[in-house]
Amino acid sequence: MGRIILLFTSVIVVTLFTVNAFWLQFKGHSTIQIIDRLPILFAPANFIYYIWVLVFIFLFLWIYNYIKLRRTDYFISIPQVILFLCVVIFQIASLWSWHSEHFLLSFVLFFIQVILLFGLYLTYPLKKELFKLRMPIAIYFSWSTYLLILHGWYLLVDMQWKGFGLSSALWTVILMTIGTAIALHLRYHHFDIVYPIVFIWCYLGIAVSNGFDELLVTTAALFLIGVLVVGIFFMKKNPAHLK
């Protein structure tokens, strides 16, 4: 029961901190307000960030499912609890650094968080019984991956990086293509439908945000959404033990 209490407490803390940071005034401004300071074409429309609500709802359901599995072999292990607690700590530390405008430190902390999330994600083997437990982590991991790419690009723009002479629009298309490749890799090799769906949501936000002002970015976002949809329905590497 101690593991459940730790998980529940950590999810409550990170939920309150993240909501406060993204939508309320933490250190005088919200996370979204800081993002909007710079002309970041990879940044989505602001409504996209409400996916945090879905992330935290699924994390609470994740804990609830573990409560039902307390006396089974599928109950959460101590290493998984430690990984999750570290993820929460690094997320809070990264947001704190972001709002202190230490963007490089914030990026490094967030990068570590995503690596830890990937490690937690890999603790769920491809078994039908574990799909329900992996889904909340997959949503969290996918959204964090997108935010990491956004964070890195924001850092470069803030540092006035010249982009090797390539336009911001072209770099945005390159970043979206990289994100699509990552999503399709996990769709195929980890039989994960949820991960690319989150990227579809993010790219929809990019298309809405750029509209007719940046037709290259908007068109690429819509095209890559189509690619991801096709990947979800037609990339079906189904491991034998899942049949």
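Quick note: structure is the one above.
Computed from a predicted model, the values in this text were never measured in an experiment.

Among the nonpolar cores identified, the biggest contains 83 residues, and F42, W62, W143, M176 and Y203 are the most heavily contacted of them. Among the elements that make up this core, the one with the highest residue count is helix α6 (residues 131-158) (15 residues). Setting aside its immediate chain neighbours within four residues, Y203 contacts L175, M176, G179, T180, A221, L224, I225 and L228.

For helix α4 (residues 78-99), built from 22 residues, the straight-helix expectation of 32 Å at 1.5 Å per residue is met to within 8% by its first-to-last C-alpha distance of 32 Å. Just downstream of α4 lies E101, where phi reads positive at about 65°.

Contact geometry for helix α3 (residues 51-68) and α4: axes closest at 14 Å, N-to-C directions at 155°. Relative to α4, the element α3 lies roughly antiparallel. Of the two elements, α3 crosses α4, and the hand of that crossing is left-handed. Residue-level inspection shows W52, F56, L59, W62 and Y66 of α3 in contact with α4, the latter providing Q80, F84 and Q91. Partitioning the contact of α3 with α4 into residue classes produces six nonpolar, two polar and no charged.

So, how was this worked out
- Residues numbered from 1 in each chain as written.
- Predicted model: local features only at pLDDT ≥ 70, side-chain atom pairs only at ≥ 80, totals over all residues.
- Heavy atoms only, no water.
- Core = buried A, V, L, I, M, F, W, Y, C linked by side-chain atoms within 4.5 Å.
- Buried < 20%, exposed > 50% of the residue type's maximum accessible area, 1.4 Å probe, protein only.
- Helix = DSSP H or I, 4+ residues; strand = E, 2+ residues; numbered from the N terminus.
- Contact = heavy atoms within 4.5 Å.
- Expected span 1.5 Å × (residues − 1).
- Axes fitted to C-alpha atoms, helices over the stretch in contact; angles between N-to-C directions.
- Parallel < 35°, antiparallel > 145°, perpendicular 65-115°, else oblique.
- Left-handed = near helix turned anticlockwise from the far one by under 90°.
- Nonpolar A, V, L, I, M, F, W, Y, C, P; charged D, E, K, R; others polar.

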